[in-house]
Structures are given as C-alpha cells and as structure tokens.
Amino acid sequence: MDDLRTEKQVVLRVEDLRKTYPSGEATIPVLKGVNLIVRGGESVSIQGESGSGKTTLVHLAAGLDLADSGAIYWEETDITKMRKGSLPRRRGAFLGMVFQSFHLAPELTALENILLAARLVGRSVRTVKERAENLLERVGLAERGHHVPAQLSGGEQQRVALARALINRPRMVLADEPTGNLDERTGDRILELLLENCREEGTSLLLVTHNKVHAGRTDRQLFLHYGQMQPEFA
Amino acid sequence: MPWYFYLAFKQLFPSGRILSFFTVVSVMGVMLGVALLLIVQTVMNGFSHELRSKIVEATGHINVVTSGMLMDYDDLVEELNDWPGVRWSVPIAQGQVLMNFKNRPMVPNVHAVDVNVVEEMEYLERFLLMGAKSEDLFDDSVFISRGLARSLDLRPGDVVDVYSPMLLERLERNEIILPRELEVAGIFSTDWHEIDEATIIVTLRMMQDLYGMGDGAHSISLRLEDNLDSFSVAREMERTLFAERDLRAVSWQEQNESFLWILNLEKNVMLFLLLFIVVVAAFSIASSLLINVIRKTREIGLLGSLGGRPWEIGVTFCFQGFFLGVTGTAAGLAMGALIITFRNQIIGLFARFTGAEDSLQQYYHFTFVPARYEFSDFVIIGVSAVIISTLAGFIPALRAARLRPVEAFRHG
C-alpha cells in the first residue's frame with residue numbers, strides 16, 4: 001500500500017551535527033559533525049563501540065536532546081528550529097521508538113500500552129483499536145493483549161514495544177539496540193518484524209546495534225567511530 | 001478522556017489488580033483526617049449549640065437594663081410584651097446571698113423572678129426535678145440548684161437561713177439581725193454547670209426585701225419567638241423604643257460575649273490543629289507520588305519521547321493528588337457523618353465496655369453526645385483537604401514535568 005511512501009523521499013537528514021557533554025570544567029565532544037540521510041522505506045543500521053555517540057545521535061535525531069550545532073530535518077522540517085511546545089506531539093506522530101529496555105508502563109496491559117502511544121498524539125482509541133489488535137497479531141501476541149508486562153517475557157515485552165512504535169504509522173522507526181536484552185533467537189525475531197514493517201508499510205528504520213549479523217540485514221550499514229560517521233561498507 | 005487523566009487513573013487503579021496499595025493507603029489517610037475533623041467540628045458545634053441554648057434558657061434572649069434600678073416598670077413590661085416577636089417579659093433581680101444550712105455556709109447566686117408572670121413560671125417548671133411545681137415557690141420558699149443541694153445535702157422541706165449583704169450592713173451597725181428562713185420547695189437543674197453549681201431562685205418580692213430594693217427590679221428579661229435574632233431585636237428596640245429613655249437592651253450574645261468568643265476560638269483552633277492531620281496525610285501522598293516519579297523516571301522519559309508534553313506529564317501526577325484528595329474527602333465526610341449519626345450508640349457501647357456509663361451522667365451531665373451539622377464546616381473541611389492533597393501532588397508533578405526524556409533515559 002505504501003509504495004508511494006517508499007519513494008526515495010528523504011525522511012531524516014542530519015547535517016553537520018555536533019554535540020559535546022560537559023565533564024567537570026572540560027567538555028567531551030561526542031558527535032563531531034555527523035551527516036546522515038535516511039530515505040523512505042529504507043533500513044539503515046549504525047554500529048560503533050560503546051561511547052561512540054550512537055545513542056546520542058538517536059536522541060538528537062528524535063529531538064529528545066539539543067545539539068550544539070547542525071540541523072536535523074524530518075522530511076522538510078528542521079526540528080532544531082521547531083517550537084519546543086509542538087515538537088513532542090509531532091515526534092509522537094512522525095517517529096516510532098524502540099529501546100533496549102522496552103519501557104512498557106507496568107500498570108497497563110499489552111494492548112493498553114500500544115493504545116497509549118495513540119492517545120499521546122491525541123488519537124481516539126476507537127479509531128486505532130483495530131490496528132492495535134492487528135499489530136498484536138502481527139507480532140504474535142494476539143492472545144496476550146490483556147496481560148500486563150509482568151506477565152510477559154522479555155521478548156514478548158519487546159514485541160509489544162515494537163507494536164507500540166508502529167501504532168501511529170510513523171514515517172520512521174528509531175530502534176536503539178532493540179535486541180540488546182534478548183537472546184539470539186528472540187532478537188532475530190524482533191529484527192525480522194522491524195524489517196518486515198519496512199517492507200510492508202514503507203516505514204524507514206534507523207537501527208543502532210552491536211550485532212553485526214543484524215546490521216548486515218539492513219539496506220545500509222554505517223559505522224560511528226568516536227563521533228564521526230565512517231564510510232559506508234554496504 | 002485525555003491521556004494524562006487516563007494514565008493517572010491507571011496508575012491509581014492498575015490493570016490486572018483489584019486495588020493499588022498506594023491508592024488505598026493514601027485515600028484512607030485523607031479519609032481518616034477528614035472524618036476526624038468533621039466529627040470534632042460537628043460535636044463541638046453540638047456542645048456549643050447546647051451551651052448557647054442553656055444560656056438562653058437560663059437568662060432569656062434580651063435583658064432590658066438601666067443605669068440604676070428599674071422602678072415603676074409595669075408600663076414598660078406592657079410595652080415590651082407588645083413588641084413584635086416578644087413572647088413575654090419578666091422583671092428579675094440577681095445578686096449573691098449568704099446561705100447557711102446546719103452550720104455549713106455557702107455563697108450562692110440568687111435569681112429572683114416575678115411569680116405573677118405565669119409564662120415564666122411555667123417555663124421554670126421544666127428545670128424542676130422530682131416532680132416539684134413552679135407554683136410551690138412562695139415568698140418564704142426557695143428553689144435550690146442541683147449542685148448546691150448536693151453540696152449541702154439539701155432535700156425538699158429543709159429550711160435554710162439566708163443573709164443578704166443588706167443584713168450584713170445592719171450587723172455592722174451592731175443591730176441584731178435575723179436571717180430569712182426559707183423552705184426548700186424544689187431542686188432544679190438546667191444542665192448548665194455555671195448555674196447548677198450554686199444558684200437559688202426566690203420570688204422577686206423576697207429579693208426586694210433581702211436587697212432593700214423597694215418595688216424595683218434589676219432588669220427585665222425578655223423571651224422571644226424562635227428563630228429571631230436577639231441581637232437585631234435588641235438594636236431595633238434601642239433605636240426606636242428606648243431612643244429617648246435611659247434604657248438599654250442587651251442581647252444574650254452581648255451578655256456572654258467573652259464566653260461565646262472563647263467557644264468560637266476553641267472551635268477554630270481545633271479546626272486549625274486537626275487540619276494538620278490532613279497535612280500529614282498529604283505529606284504521605286506527596287512522598288508516595290515522589291517515589292513514584294523517581295521509580296517511573298524511564299517511563300516518564302518514554303512518555304515524552306512518545307509525544308507527551310511536559311505539562312501533560314505534570315498533570316498526570318498532580319491529578320493523582322487531586323483525585324486522592326477528592327476520594328479521601330468524600331469517603332471521610334461519609335464516614336464522619338456515619339459515625340456522628342451513630343455516635344450515641346458508639347459512646348454507649350464504649351461506656352458499657354468500660355463501665356463508665358454512670359460517670360458520663362454524673363460528671364459530664366449528659367447521656368448523649370450533642371452534634372450539629374454546619375454546611376460551612378463541610379465546605380471548609382472538604383475544600384481544604386482537596387487543596388492540600390492537590391498541592392501534595394504538585395511537587396512530584398513539577399519534578400516529572402521538568403524531567404527531560406534524554407535525562408530520564410540516562411539516569412532512570
């Protein structure tokens with residue numbers, strides 16, 4: 001259906017992004033002029049050593065943190081120039097986020113966790129409930145919708161988190177080491193779901209991972225080395 | 001429903017659990033504080049109302065006084081009886097006498113009434129014990145208060161010697177004086193300690209004789225129709241009826257201004273002090289919510305990353321304080337009202353278990369706990385408890401709202 005969306009339109013463009021963190025009286029440069037382009041329906045992985053700035057790049061790309069300089073475009077919009085108050089709602093609709101630690105609300109069931117992401121951007125539950133149930137079915141948890149996170153395994157929780165990231169039909173999914181806390185087989189299943197979504201819904205994927213095999217399955221592989229993007233090797 | 005209210009409810013009533021321990025404890029804290037406040041205020045209102053009623057019963061609504069003695073007051077009494085809202089008026093005199101019974105002297109207050117005022121005598125009869133009649137009061141008899149009768153071991157038919165200050169003046173002039181011998185015609189109890197402790201009632205004629213008052217009286221006591229504001233009636237009388245005369249109308253509120261002020265102060269101080277119970281409950285809410293915010297740091301970060309605005313995240317926690325306050329207050333008001341409704345059964349049960357039934361009657365002179373609802377108490381207690389609880393949620397809310405998602409992920 002979304003073949004039109006997957007045209008080579010730029011979904012995320014990062015230009016000369018720089019970020020430093022204070023450390024006592026000194027500052028530590030984490031990103032030293034990073035450039036990045038992710039196109040519609042494309043899957044891109046970023047690898048790098050710990051401390052190379054991968055997570056910082058994801059946070060900046062998601063508008064969760066402020067860069068020292070540079071520009072971040074969500075399609076045509078430079079989010080570094082966006083009004084602070086309107087950014088969260090726009091982010092909720094434009095991006096889906098998956099984290100290493102799932103971050104599900106423990107007081108909500110799996111289905112309610114998925115629907116919460118829709119509520120957060122002001123969508124009526126009635127209009128998205130069917131999609132939420134479909135997503136649960138797609139991630140293989142159709143029977144577990146009314147279970148709370150404590151009743152789910154790590155892999156199941158990550159699948160719920162994935163369904164939550166997709167509920168608003170985002171243009172892009174930012175996945176920060178989504179398989180980091182999972183065993184190999186479960187991790188493979190999660191990655192498969194992420195890539196499947198790229199193919200079927202045309203959603204772009206920016207995947208931060210340590211797993212070379214997983215990175216190898218994306219369209220492009222990037223390597224971040226001490227705050228600088230290395231040439232692509234895929 | 002906006003997501004922040006939805007999530008607040010879900011945090012208070014999580015899916016998959018019947019009740020949240022935090023919610024139950026927080027609601028109970030506010031509930032107990034509010035219930036206690038309501039019970040104390042309502043019972044104090046009851047006592048205050050009882051005391052006010054006793055004052056009015058014992059002293060009348062208004063006293064008409066002059067700078068000296070009231071002489072030739074018959075026309076005035078008639079005028080006052082014709083005044084709208086006045087049920088009857090009676091000339092009275094008050095003072096102190098020395099009383100002696102079996103060589104045990106006492107100095108009781110003396111209250112003298114005109115026995116010709118039938119309404120006043122009928123009214124007096126309600127206070128008489130052991131079947132005594134108001135018509136038994138003659139110039140040579142006396143009604144004795146319960147406390148005085150107990151102190152001197154007096155019974156109807158006993159004869160007491162009464163000396164007045166006027167007789168003592170004659171004693172100073174070396175004249176031989178004889179006391180008035182008065183027979184105890186009845187014992188009365190008003191349930192107002194100040195009167196019941198040591199008071200005698202005599203006829204106005206006897207008082208005039210004892211005090212050398214001639215045909216005078218000290219004042220005229222008025223009894224008004226129910227629901228009339230004594231203070232306003234007194235002011236209106238002074239403005240019109242007494243405009244050109246040396247007379248003053250003093251309402252019972254003015255006569256007992258200090259006492260009523262203390263009653264009011266006592267109630268307000270109790271409200272202020274007991275409000276701290278609600279504050280303590282609110283601190284427990286604040287502390288629990290703050291722990292919740294710290295515990296849910298990553299979740300709060302997630303809410304921001306999924307599209308939640310800072311103020312919306314703040315409302316999620318502030319609303320919990322408000323909701324706990326409203327629920328606890330409603331439950332507290334209901335619980336308070338329930339306990340007040342069954343207060344006498346509860347006290348009775350307690351007294352029966354502790355064997356203190358007789359003590360209650362003997363020392364506190366009541367067999368029931370008075371209570372009186374005042375709408376303003378419900379409003380003040382309810383609004384205060386909700387405001388305090390909401391404020392308790394404000395600090396955690398502020399912390400949650402200020403939490404940047406990236407910091408929440410980093411430090412959570």
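Scope of this entry: the structure provided in the associated data block. (Residues numbered from 1 in each chain as written. Chains lettered and ligands numbered in written order. Predicted model: local features only at pLDDT ≥ 70, side-chain atom pairs only at ≥ 80, totals over all residues. Heavy atoms only, no water.)

## Observations regarding the interface of chain B and chain A
Part 1 of the argument: On the side of chain A, 28 residues touch chain B, which itself brings 25 residues to the contact.
Part 2 of the argument: Both sides of the chain B and chain A interface together cover about 2400 Å² of buried area, and 60% of this is carbon and sulfur.
Part 3 of the argument: Viewed at the interface, chain A and chain B are joined by 3 salt bridges.
Part 4 of the argument: Notably, a salt bridge pairs B:Lys10 with A:Glu112, separated by 2.9 Å at the nearest N-O pair.
Part 5 of the argument: Our enumeration of links across chain B and chain A arrives at 5 residue pairs in polar contact (both at pLDDT 80 or more).
Part 6 of the argument: Mapped onto the side of chain B that touches chain A, the elements with two or more residues apiece are helix 1 (3–12), helix 12 (297–305) and helix 17 (405–411) of chain B.
Part 7 of the argument: At 6 residues, helix 12 of chain B tops the list of elements feeding residues into the side of chain B that touches chain A.
Part 8 of the argument: Here the side of chain B that touches chain A is built from residues that sort into 11 nonpolar, 6 polar and 8 charged. (Contact = heavy atoms within 4.5 Å. Buried area = accessible area lost by both parts, 1.4 Å probe. Salt bridge = Lys/Arg side-chain N within 4 Å of Asp/Glu carboxyl O. Polar contact = N/O pair within 3.5 Å; in protein donor to acceptor, adjacent residues only side chain to side chain. Helix = DSSP H or I, 4+ residues; strand = E, 2+ residues; numbered from the N terminus. Nonpolar A, V, L, I, M, F, W, Y, C, P; charged D, E, K, R; others polar.)

## Description of helix 14 (residues 343–354) of chain B
Part 1 of the argument: Its 12 residues give helix 14 of chain B an end-to-end C-alpha distance of 16 Å, which sits within 8% of 16 Å, the value for a rise of 1.5 Å per residue.
Part 2 of the argument: Looking one or two places after helix 14 of chain B, you find B:Gly355, whose phi comes out positive at around 70 degrees. (Expected span 1.5 Å × (residues − 1).)

## Regarding the packing of aromatic side chains
Residues and elements named next belong to chain B.
Part 1 of the argument: One pass over the structure, following the stated rule, counts 14 aromatic pairs over all chains.
Part 2 of the argument: Centroid distance Phe-319 to Phe-323: 6.3 Å. Interplanar angle 35 degrees. Geometry classified as tilted. Note that Phe-319 and Phe-323 are positioned in helix 13 (residues 310–341) at a spacing of 4 residues, about one turn of the helix.
Part 3 of the argument: For Phe-323, a relative accessible area of 19% corresponds to the buried category.
Part 4 of the argument: Taken together, the ring pairs connect Trp-3, Tyr-4, Phe-5, Phe-9, Phe-13, Trp-311, Phe-319, Phe-322 and Phe-323 into an aromatic cluster. (Phe/Tyr/Trp six-rings, centres within 6.5 Å; stacked < 30°, edge-to-face > 60°. Buried < 20%, exposed > 50% of the residue type's maximum accessible area, 1.4 Å probe, protein only.)

## Overview of the pattern of salt bridges
Part 1 of the argument: Tallied over the entire structure, the rule returns 26 salt bridges over all chains.
Part 2 of the argument: Two residues, B:Glu312 and A:Arg89, come together in a salt bridge whose shortest N-O distance is 2.8 Å. Taken together, the positions of B:Glu312 in helix 13 and A:Arg89 in helix 2 (residues 87–94) put the pair across two chains.
Part 3 of the argument: Ionic pairing is found between A:Arg169 and A:Glu201, a salt bridge with its closest N-O pair at 4.0 Å. One end of the pair, A:Arg169, is in the loop between helix 5 (154–166) and strand 7 (172–176); the other, A:Glu201, is in helix 6 (residues 184–201), with 32 residues separating them in the sequence.
Part 4 of the argument: On the basis of relative accessibility, which here comes to 36%, the residue A:Arg169 falls in the partly exposed class.
Part 5 of the argument: Several salt bridges converge on common partners, so that one network encompasses A:Arg131, A:Arg138, A:Arg169 and A:Glu201.

## A word on the pairing of strand 2 (residues 26–39) of chain A
Residue and element names in this part refer to chain A.
Part 1 of the argument: Pairing of strand 1 (residues 10–23) with strand 2 involves 11 bridges; the strand directions are antiparallel. If you follow Thr-20 over to strand 2, its bridge partner there is Pro-29.
Part 2 of the argument: Taken together, strand 1 and the strand that follows it, strand 2, pair antiparallel across an intervening segment of 2 residues, in which Gly-24 is found at a positive phi of about 65 degrees. (Pairing = 2+ DSSP bridges.)

## Describing the environment of B:Arg404
Part 1 of the argument: Structurally, B:Arg404 can be placed in the loop between helix 16 (375–402) and helix 17.
Part 2 of the argument: For B:Arg404, a relative accessible area of 34% translates into the label partly exposed.
Part 3 of the argument: A C-alpha to C-alpha distance of 6.6 Å links B:Arg404 and B:Gly301, two positions 103 residues apart in sequence.
Part 4 of the argument: Leaving out residues up to four positions away in the same chain, B:Arg404 has contacts with A:Leu64, A:Asp65 and A:Leu66.
Part 5 of the argument: Engagement of the side chain of B:Arg404 in a polar contact is seen with the side chain of A:Asp65, the distance being 2.7 Å.

## Examining the packing of helix 13 of chain B against helix 14 of chain B
Part 1 of the argument: Interhelical geometry of helix 13 of chain B versus helix 14 of chain B gives an angle of 65 degrees and a closest axis separation of 4 Å. Two secondary-structure elements touch here, helix 13 of chain B through B:Ile339, B:Ile340 and B:Thr341 and helix 14 of chain B through B:Arg343, B:Gln345 and B:Ile346. (Axes fitted to C-alpha atoms, helices over the stretch in contact; angles between N-to-C directions.)

## Considering the sheet that holds strand 7 of chain A
All names here are of chain A.
Part 1 of the argument: The strand order 6-7-8-3-9-10 describes an open sheet built from 6 strands, whose pairing is mixed. In this open sheet, the two strands that pair with only one neighbour each are strand 6 (95–98) and strand 10 (228–230). The mean angle between the axes of side-by-side strands here comes to 20 degrees, regardless of whether they run parallel or antiparallel.
Part 2 of the argument: Sheet topology note: the strand 9 (residues 220–225)/strand 10 ladder contains 3 bridges and is antiparallel. Paired with Phe-223 across the two strands is Gln-230, which belongs to strand 10.

## Notes on the side chain of A:Glu107
Part 1 of the argument: Here A:Glu107 shows up in the loop between strand 6 and helix 3 (110–120).
Part 2 of the argument: Contact partners of A:Glu107, with chain neighbours within four places excluded, come to A:Glu112, B:Leu7, B:Lys10, B:Gln11, B:Pro14, B:Ser15, B:Lys296 and B:Glu299.

## Some thoughts on empty space enclosed by the protein
Part 1 of the argument: Under the counting rule described, the total for this entry stands at 2 cavities of 30 Å³ or more.
Part 2 of the argument: Those elements that provide at least two residues to the lining of the largest cavity are helix 3 of chain A together with helix 12 of chain B.
Part 3 of the argument: For the lining of the largest cavity, the element with the most residues is helix 12 of chain B, which contributes 3 residues.
Part 4 of the argument: Looking at the lining of the largest cavity residue by residue, the classes come out as 6 nonpolar, 2 polar and 3 charged.
Part 5 of the argument: The computed volume of the second largest cavity comes to approximately 40 Å³.
Part 6 of the argument: Forming the walls of the second largest cavity are A:Gly92, A:Leu95, A:Gly96, A:Met97, A:Ala117, A:Arg164, A:Ala165, A:Asn168 and B:Leu306.
Part 7 of the argument: Where the lining of the second largest cavity is concerned, the elements lending two or more residues are strand 6 and helix 5 of chain A.
Part 8 of the argument: At 3 residues, the largest contribution of residues to the lining of the second largest cavity is made by strand 6 of chain A.
Part 9 of the argument: Split by residue class, the lining of the second largest cavity holds 5 nonpolar, 3 polar and 1 charged. (1 Å grid on protein atoms, 1.4 Å probe; cavity = no way out; pocket = protein on both sides within 12 Å on 5 of 7 lines; lining within 4 Å. Points joined across faces, edges and corners; volume = space filled by probe spheres on them.)

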